[in-house]
Amino acid sequence: MTRLCLPLERLDRNDLPTAGGKGANLGELIRAGFAVPRGFVVTTDAYRSAVGGLAHPTREAITALAVPHDVRTAVQAGYAELGGGPVAVRSSATAEDLPGAAFAGQQDTFLGVVGADAVVDAVRDCWASLWTERAVAYRARFTDSVESVAMAVVVQQLVAADWAGVMFTANPVTGARDQVVIESSPGLGESVVSGAVTPDHAVLAADGSVVERHAGRHEVVVRPIPGGGTTTDPGDPGTTPLPDSVLAQLAEQGRAVAAHFGAPQDIEWALTSDDIVLTQSRPMTALPPAPLRLNRFQRLIGPVISEMLPRRPLPMELSAWSSGVILRHLERLLGGMAAVRVDPDQTLPTVDGIVQAFVPALPRPTGMTPIRLARSIARSVRHRPGDWVRDPLASDISRRADTLAAFDVGQATWAELIAVRARARAIVDDVADLRVEYLPSAGRALVALKAVLALVGAAQRTGDLIVGGDTQTMQANAALESMAATVQADPTLHQAFRTRDGDELVETVMREPAEPSTAALRHQLADFNGRFGHRETTSVMLLKDPTWGDSPATVLGLVRVLLTHAEGAATHVPSTGSAALERLLRAPRVRLFRAQSLLRSVVRNARDGIALREDTHFEITRPMPVVRRTVLELGERLAATTWIDRPEDVWYLLWDEVASLADPSRPQDDHQHDVQHDPQHDRLRSTVARRRRAYAELASSPLIATATLYPDRGASDAALLTGLAGGGGRATGSVRVIRHPDEFGTVSAGEVLVSPATNPAWTPLFARVAAVVVDHGGPASHAAIVAREYGIPAVLAVGTGTTTLSTGQRVTVDGDHGLVLAADEGGVED
């Protein structure tokens, strides 16, 4: 064979650029002694020879190509060496080696191909499938070099399998590394891989015993046709599953493969008589960390922190903000209130600056804990929750935050830039001290309210009474409603908001000359950004993501959501709690105990306590934009002097690494004039490259397994999802999965919002949606509180809502029982 086609047995992992990930791994398996069907690889050299002349490859253009004579001859010769007969033709793209990407099903596979010319055509069709819209979009998630990918193609003898399937050498749900998960069904494995069947499912322990088993339905069976191709016939749901002994043999093989590659593997296998053959092995992606045993406190705090981590923080985010400022704030808060120790480095453990997992904080009491707790109790009596706004420290925090916000990073010296994080940290530390002083009174106020309500027989009314405080978030919502009213009053502007979104909408609003209504809207937007522009769009933990002030498209998208252009669409109005209080004041037991004044007082204090928590969070985020601008400026300066290749590379460095650098704009010593070959610059570039790859390898993996956070939930057989009840009754609607604020503008009235979590930036959406379902968060989370305020059903901490549910799917959300049901299971639509 030529370099255009290579036999599998000659390949190993060093042949990735030539054979692609699939081909190289199969060669490794053969060399290690595993049973693999005979075959060869049509190399990337052949692909480039055939396709390289196309300036812009497309599926249609490649399908129409005449395969070069030398490539055709090489493929036909390879097929002849296999002895002819039916073969499987599968892609082995170089992109399949991208870290963190599985590429499962992204390119086409052809089974039962017979004849030399048919094999050549199947190879060409595999090449073409590299350029479908689906495959291009998938690659774009993992690499900027979408066009540079090349494809090898694996041609193997087709195994006429009695049974086949997929095996994971670690549990993909729980992350357990000592378990093997096997999914199997009769016939070719294509039925399992494509999702055409519900396969038998088995989980095996380290000793080979089956610890969990679920029978499949085997809806269809795919089998080869002797003359070529395959047939799909109805399956038999009563098929006897594979015996435990065969499953144990499969698991043993799987563990041996994982040991060879040094990482958990996703393996495709086939069984003929009693022989096991392996047809593919690749690293598992999206694998959660190994499961943890959490105590009750960790299960309580875990969802709270998890909802603030919708993605893995980058090294600079972690060091400059997430751990360096926010988790330090938590550490100072718990230490001040109870003298317990929390180690941020244990909460987000890292390897070379890359966060490996999220481990819910485990506070450790100290000898001072009883004394600090006693002081907190004393503070709870000494203060009322609303007193914090009059504390001189609150005024000082606000003044310093205003000064820092006005800091011009573009005109600052290198030393002044490096000093920004310390200034931000000092402000957030002082917010922690302010919270230490007043949060105990908020806790006491809530306990007092619950006690009084229990006395008058209304213990279940707590949530209805504490909503509606005058918080910064509610003021921001009012400002957004005002902008929406301005838009709705002008037909031309209203039409622009109906037909445009994103950057196109921003361009329309900012275009000169501006009509009076547009000028008024721009004035409102500028005022909004001045007051609330520092608020995070995704999470207070994620510094790289823009704030409201940095993302006018997000703000205008929220205005767009608030417009009542949908005919007949209901808009929810947040409850002030006043009506609920007035009804309760007239209750017989309240009048019997003459508790009206007491009830008004405890409700007011409880609401002030909620506002204290909300508005001090508002103060924590105020330094966030200037720290973000500082990091971006540091990146620009390092890139301008070629210390790093691109400004955005700075996110893969640590704050202390950058802070230790000399000012890059300052003249260097004469012997260092060759910047391109300065060892320090080379070190920075190699650090960026190393961490970028390590981050990409983990990018699709969750920081913590859902089963760790929410174990043994006891799901209902009828429910699609089970979570924590957030109240609000029932509502039915179409699902709208939203993962990022960029998607706010897609929300329509009456839909069911499904998201990883929410924060104050998401609040206006609650005015339009029928219900909310979140992967993470508890009864005190943003989603729970705001859903109560707007009177809509909420189900919290479902764990997998954003992956289980799909946009457009009709569901019923039962907020009182924590269930998400298929719409036909949910009863009457509210």
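Thresholds applied
- Residues numbered from 1 in each chain as written.
- Predicted model: local features only at pLDDT ≥ 70, side-chain atom pairs only at ≥ 80, totals over all residues.
- Heavy atoms only, no water.
- Helix = DSSP H or I, 4+ residues; strand = E, 2+ residues; numbered from the N terminus.
- Rg over C-alpha atoms; globule rule 2.2 N^0.38 Å.
- Buried < 20%, exposed > 50% of the residue type's maximum accessible area, 1.4 Å probe, protein only.
- Contact = heavy atoms within 4.5 Å.
- Lys, Arg positive; Asp, Glu negative; His and termini not counted.
- Charge placed at Lys NZ, Arg CZ, Asp CG, Glu CD.
- Polar contact = N/O pair within 3.5 Å; in protein donor to acceptor, adjacent residues only side chain to side chain.
- Patch = residues over 30% accessible without salt bridge, like charges linked within 9 Å, V, L, I, M, F, W, Y side chains within 5 Å.
- Areas by Shrake-Rupley, 256 points an atom, 1.4 Å probe, with all protein chains shown as cover.
- Salt bridge = Lys/Arg side-chain N within 4 Å of Asp/Glu carboxyl O.
- Pairing = 2+ DSSP bridges.
- Axes fitted to C-alpha atoms, helices over the stretch in contact; angles between N-to-C directions.
- Parallel < 35°, antiparallel > 145°, perpendicular 65-115°, else oblique.
- Left-handed = near helix turned anticlockwise from the far one by under 90°.
- Nonpolar A, V, L, I, M, F, W, Y, C, P; charged D, E, K, R; others polar.
- Core = buried A, V, L, I, M, F, W, Y, C linked by side-chain atoms within 4.5 Å.
- 1 Å grid on protein atoms, 1.4 Å probe; cavity = no way out; pocket = protein on both sides within 12 Å on 5 of 7 lines; lining within 4 Å.
- Points joined across faces, edges and corners; volume = space filled by probe spheres on them.
- Phe/Tyr/Trp six-rings, centres within 6.5 Å; stacked < 30°, edge-to-face > 60°.
- Lys NZ or Arg CZ within 6 Å of the ring centre and 35° of its normal.
- pLDDT = per-residue confidence, 0-100.
- Arc of directions from axis to C-beta.

(A) Representation of the overall build of the protein within the structure. Across its full length, the protein carries 30 helices and 25 strands. Rg of the C-alpha trace for the protein: 30 Å, near the compact-globule value of 28 Å for 830 residues, within the 12% margin. Counting only C-alpha atoms and orienting by the principal axes, one finds that the protein spans roughly 95 × 80 × 65 Å. With 830 residues in all, the protein has 54% of them scored as buried. Counting only contacts in the protein whose residues sit at least 6 apart along the sequence, the fraction spanning at least 24 positions is 70%. Within the protein, the 96 negative side-chain charges are centred at a point lying 8 Å from the centre of the 80 positive side-chain charges.

(B) Representation of the side chain of Asn759 within the structure. Looking at the element boundaries, Asn759 is found in the loop between strand 21 (752–755) and strand 22 (771–774). Among the polar contacts listed, one links the side chain of Asn759 to the backbone nitrogen of Ala761, at a separation of 2.8 Å. Not counting residues within four places of it along the chain, the set of residues in contact with Asn759 comprises Glu536, Thr537, Thr538, Ser539 and His782.

(C) Looking closely at a nonpolar patch on the surface. Taken together, Leu455, Leu592 and Phe593 make up a surface patch of nonpolar side chains, about 310 Å² in accessible area. Within the secondary structure, Leu455 sits in helix 15 (residues 420–455). Note on Leu455: relative accessible area 43%, which makes it partly exposed.

(D) The arrangement of the sheet that holds strand 21 in detail. An order of 18-25-24-20-21-22-23-19 is seen for the 8 strands of this open sheet, with the pairing classed as mixed. The sheet terminates laterally at strand 18 (719–722) and strand 19 (724–725), the two strands that pair on one side only. Pairing analysis gives 5 bridges linking strand 20 (residues 730–737) to strand 24 (residues 810–814), with the strands arranged antiparallel. Following the sheet pairing, Gly733 is matched in strand 24 by Val811.

(E) Structural context of the packing of helix 4 (residues 69–81) against helix 5 (residues 116–129). Running from amino to carboxyl end, helix 4 crosses helix 5 at an angle of 120°, the nearest separation of the two axes being 9 Å. Taken together, the axes of helix 4 and helix 5 lie oblique to each other. Once helix 4 is placed against helix 5, the crossing between them reads as right-handed. Judged by residue contacts, Val71, Arg72, Val75, Gln76 and Tyr79 of helix 4 engage Ala116, Asp117, Val119, Val120, Asp121, Val123 and Trp127 from helix 5. For the contact of helix 4 with helix 5, the per-class residue count stands at 8 nonpolar, 1 polar and 3 charged.

(F) The arrangement of the sheet that holds strand 1 (residues 5–7) in detail. In spatial order, the strands read 1-2-5-3-4; together these 5 strands make up an open sheet with antiparallel pairing. In this open sheet, the two strands that pair with only one neighbour each are strand 1 and strand 4 (109–113). Ignoring strand direction, the axes of neighbouring strands in this sheet form an average angle of 25°. The sheet contacts of helix 1 (residues 16–31) involve strand 1, strand 2 (39–42), strand 3 (87–93) and strand 5 (151–157), and relative to strand 3 the element is tilted by about 125°. Where helix 4 meets the sheet, it contacts strand 1, strand 2, strand 3 and strand 4, and its direction lies at approximately 170° from that of strand 2.

(G) View of the pattern of salt bridges. Here the structure, examined in full by the defined rule, presents 40 salt bridges. Note that Arg332 and Asp429 form a salt bridge whose closest N and O atoms lie 3.9 Å from each other. Highlighted residues: Arg332 in helix 10 (residues 315–338) and Asp429 in helix 15, separated in sequence by 97 residues. With a shortest N-O distance of 4.0 Å, Asp387 and Arg384 are connected by a salt bridge. The partly exposed category is assigned to Arg384, whose relative accessible area is 46%. What emerges from the salt-bridge pattern is a single network uniting Arg328, Arg332, Asp429 and Asp433.

(H) Spatial organisation of the nonpolar core. Judged by nonpolar contacts, the single largest core of 68 residues is most densely connected at Met316, Trp321, Leu638 and Val658. Counting residues per element, this core draws most heavily on helix 15, which supplies 10 residues. Residues in contact with Trp321, not counting those within four places in the same chain, are Met316, Ile326, Ala424, Val428, Val540, Met541, Leu543, Ile620, Pro623, Met624 and Val627.

(I) Representation of empty space enclosed by the protein within the structure. Taken as a whole, this structure holds 3 cavities of 30 Å³ or more when the rule is applied. By volume, the largest cavity amounts to about 150 Å³. Lining the largest cavity are 17 residues; nearest its centre among them are Thr471, Ile610, Glu614, Ile785 and Glu789. With 5 residues, the single largest contributor to the lining of the largest cavity is helix 24 (residues 596–620).

(J) Focus on the packing of aromatic side chains. Following the criterion strictly, the structure yields 7 aromatic pairs and no others. When the ring of Tyr47 is compared with that of Trp127, the centres are 6.0 Å apart and the planes differ by 80°; the resulting orientation is edge-to-face. Taken together, the residues Tyr47 in helix 2 (residues 44–51) and Trp127 in helix 5 connect sequence positions 80 residues apart. Each member of the pair, Tyr47 as well as Trp127, is classed as buried. Joined through ring pairs, the aromatic side chains of Phe528, Phe532, Trp548 and Phe618 make up one cluster. The ring centre of Phe407 lies 5.5 Å from the NZ or CZ of Arg423, which sits over that ring.

(K) Structural context of the environment of Val772. Relative to the helices and strands, Val772 is located in strand 22. Between the C-alpha atom of Val772 and that of Leu247, which follows or precedes it by 525 residues, the distance is 41 Å. Dropping the residues within four chain positions of it, Val772 is found in contact with Leu753, Phe766, Ala787, Pro793, Ala794, Val795 and Val813.

(L) Just the confidence of the model for the protein, in detail. Within the protein, residue pLDDT values average 90, and 93% of them lie at 70 or more. This stretch, residues 826–830, has a pLDDT under 50; its non-local contacts, to residues over four places away or in other chains, come to 10 contacts.

(M) Expanded view of unusual backbone geometry. The linkage connecting Glu512 with the following residue, Pro513, adopts the cis geometry, with an omega of -10°. Non-glycine residue His218 carries a positive phi angle of around 45°. With respect to the element layout, His218 can be found in the loop between strand 9 (210–214) and strand 10 (220–224). For His218, a relative accessible area of 1% corresponds to the buried category.

(N) The arrangement of helix 19 (residues 502–510) in detail. Listing the buried residues of helix 19 in full gives Leu505, Val506, Thr508 and Val509. For helix 19, the angular spread of buried residues about the axis comes to 160°, placing them on one side.

(O) Spotlight on the packing of helix 15 against helix 24. The N-to-C vectors of helix 15 and helix 24 enclose an angle of 155°; their axes lie 8 Å apart at closest approach. The angle between helix 15 and helix 24 places the two elements in the roughly antiparallel class. Both helix 15 and helix 24 take part in a crossing whose hand is left-handed.

(P) Structural context of the environment of Pro237. Relative to the helices and strands, Pro237 resides in the loop between strand 11 (230–234) and helix 8 (244–261). Between the C-alpha atoms of Pro237 and Pro199, which are 38 residues apart in sequence, the distance is 10.0 Å. When residues no more than four places from it in sequence are discounted, the contact partners of Pro237 are Gly216, Arg217 and His218.

(Q) Representation of the side chain of Ser441. Among the structural elements, Ser441 can be located in helix 15. Apart from residues lying up to four places away in sequence, Ser441 is in contact with Arg379, Ser380, His383, Arg384 and Pro385.

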